Every structure is written in structure tokens, then in C-alpha cells.
Amino acid sequence: METARPTHPLSPAEAWRFTADHAAEAAFFFDFDGVLSPVTDDPDASQPTPSALGVLEELAGVVAKVAIVSARPVSFLRTRFAALSHVDLYGLYGLEVWHEGEVITEPAALPWVPTMADLAQRARTELPAGTLVEYKRLSVALHYRTAPQLGDVVDRWANDQAERVGLRVQGGRMVAELKPPVDQDKGMVITEGIRNAGCAWYFGDDMSDLKAFDALRARAAVDPAFFGMCVAVANPETGAEVSTAADLTLESPDAVAAFLAEGLRGFRPAR
Ligand SMILES: O=P(O)(O)OC[C@H]1O[C@H](O[C@H]2O[C@H](CO)[C@@H](O)[C@H](O)[C@H]2O)[C@H](O)[C@@H](O)[C@@H]1O
């Protein structure tokens, strides 16, 4: 017998049951940092939590789509997820997509590559020691995790540069990021990614993930048959905002992997 579409508030067991019954039209989307990977002082040192890769591969074998949707470049995500052949990669908030063995870049963002290289260079010379500059080809992230007292200086510098050059600033967890003025965000990735889905889950921990939650809510509002599940991964830095917007909050990246492993037990084996 078909399970009825769950209504909120719902229990995880109810959500998993519906998803397992609609596995062929289910999609799962995951942010990377703070969701699949514990926070580290050095962004280059981030790795998926040990059980994440196995559980994502298993999930990709039983549902229609599994994707990572990150502010990291695809080149970085490839170094962490290359072993997973059935997991889609959206980098730089969707400005990059890994498709059939190559990186597809949003053409409107490409003219900004030299600007970003210049800004990264400026940031290294103009910002105080303790700021960590992460150059990502189409964006520049300015980290102050190991020097939180620099937060105001870094935010001000980022806003000044954004105004001077015509960029956008995205705030995050102990980071200010300069992005091209191109309309692309995680919400747009999800809206497109769930076009053919009847059921979708999004796991996020940061402010940029709220747009992905909104995309699931928007679809559910116009499509009574669609079921969307917004899962927050708790962190002390964004406060309660992401958790408040979610249907469910998990404690950590390890808890995400454990939650998926438990949910997968209700699926029929892949054919
Ligand atoms: O969309 P995401 O995959 O969540 O990327 C968001 C930012 O994540 C990274 O920075 C964050 O994680 C770092 C490693 O744990 C941490 O050191 C930093 O303080 C966090 O802000 C990444 O380095 C950024 O480029 C992303 O924008």
C-alpha cells in the first residue's frame, strides 16, 4: 500500500518510510562543510567524515539522485568525492557543475576570473596577518576562524571591495566571501534539481543553505504531491536560524552519516 505524503510536523521514521516507498523519484542534496565534513581551522584540511562516502554511495544506489551542493569549487569536491561515480557535484553555489567528466562553468561568471585573482592578491597584502585567503577562481573566501577578532575588519574590507568592483558578499561561518554578480545560489540549484523529483531532502548548516530549504518549501507549496525534508546540522556559529527553518536538526556530520545509514535500512535492495 502507498504511504500518504507526510505532513509537517513529522517524525523521521515517517519521512524515511515515504522516501523508501518513492525511492525512484527521490533526490538527496548535501552541503559539504559542516554537513558531511567537520569544521577544521584550515579549509584545505577538510575531509568527509569517515563513514560518509560509503553511505552516500549506498544511497545513490537506491534513490534517483544524490548531489553535493557546495560553495567549494568542483576541483576541490572532486578530490573528496572522486570515488563516488553516481554522486553529482555542484560547486561555487552552482556556478560550476561536474557533468560527464568535465566541469561546466556558468558563462556569465567567467569574465570575473581575473578580478578574483586580483582580489585574492590584494587580500593577501592588505588584510592583517591571521586572515586566511582562499582563492576559488570565481570567488574569494576570506577566513578569520583562527583570528575571530579580525571579523569586523575582514567584513568591512569585503564590503568595500564588493562596492568598488561590483561584486556580492556572502557571509558564512567565520568567513566573508566575494562572489560575482551573477544570479546563482543553492536555491536555484535545488529548484532545477528537483524538477522531476517527487520527494527531496536537503542537508545544510549555513545561511546559504536557507535558500535551498526555501526551494523545497516553494515546490511543496505548489505541488501537493511533492514531499520535501529540510535537515539542519547544528552549529554554534549560525545560532538557531538554520535549525529553526528545518524540519529536523542533527548534531554533527557524524550524526548525518549515522542517520542516513539508519534510514537506508528501510529501503529495498537496489535491483
Ligand atoms: O557550501 P559549503 O560546502 O558549506 O561551503 C561553505 C564554506 O566552507 C568552507 O569554509 C568553512 O569550512 C572551513 C573548513 O571546515 C572552515 O575553516 C571555515 O571557517 C568555514 O567557513 C570553505 O573554505 C569556504 O570556501 C566555503 O564558502
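Look above for the structure.
So, here is what we can say about the structure in this document. For clarity, every value in this text was computed on a predicted model and none was experimentally measured.

Moving on, we get to the sheet that holds strand 9 (residues 175–179). Pairing in this open sheet of four strands is antiparallel, and the strands run 6-7-9-8 from one edge to the other. Of all strands in the sheet, those with a lone pairing partner are strand 6 (132–135) and strand 8 (168–172), marking the two edges. On average, adjacent strands in this sheet sit at an angle of 20 degrees to one another, irrespective of strand direction. Strand direction decides the pairing type here: strand 8 and strand 9, joined by five bridges, are antiparallel. Bridge pairing links Val169 to Leu178 in strand 9. Across the sheet, helix 4 (residues 113–126) is in contact with strand 6, strand 7 (140–143) and strand 9; its angle to strand 6 comes to roughly 170 degrees. Across the sheet, helix 5 (residues 151–165) touches strand 7, strand 8 and strand 9, and the angle it forms with strand 9 is around 10 degrees.

Turning next to unusual backbone geometry. Backbone geometry places Tyr93, a non-glycine residue, at a positive phi of 60 degrees. The phi dihedral of Arg137 falls on the positive side, at around 70 degrees, and the residue is not glycine. Positionally, Arg137 belongs in the loop between strand 6 and strand 7.

Attention now goes to the site of the ligand. Taken together, 23 residues form the shell around the ligand, and within it Phe32, Asp33, Pro43, Ser70 and Ala71 come nearest. Mapped onto the shell around the ligand, the elements with two or more residues apiece are strand 7 and strand 9. Grouping the constituent residues of the shell around the ligand by class yields seven nonpolar, seven polar and nine charged. Looking at which domains feed residues into the shell around the ligand, each of domain 1 (12–105 + 184–264) and domain 2 (109–179) supplies at least three.

Conventions adopted
- Residues numbered from 1 in each chain as written.
- Predicted model: local features only at pLDDT ≥ 70, side-chain atom pairs only at ≥ 80, totals over all residues.
- Pairing = 2+ DSSP bridges.
- Helix = DSSP H or I, 4+ residues; strand = E, 2+ residues; numbered from the N terminus.
- Axes fitted to C-alpha atoms, helices over the stretch in contact; angles between N-to-C directions.
- Contact = placed C-beta atoms within 7 Å.
- Near = placed C-beta within 6 Å.
- Nonpolar A, V, L, I, M, F, W, Y, C, P; charged D, E, K, R; others polar.
- Domains from an automatic or database assignment.

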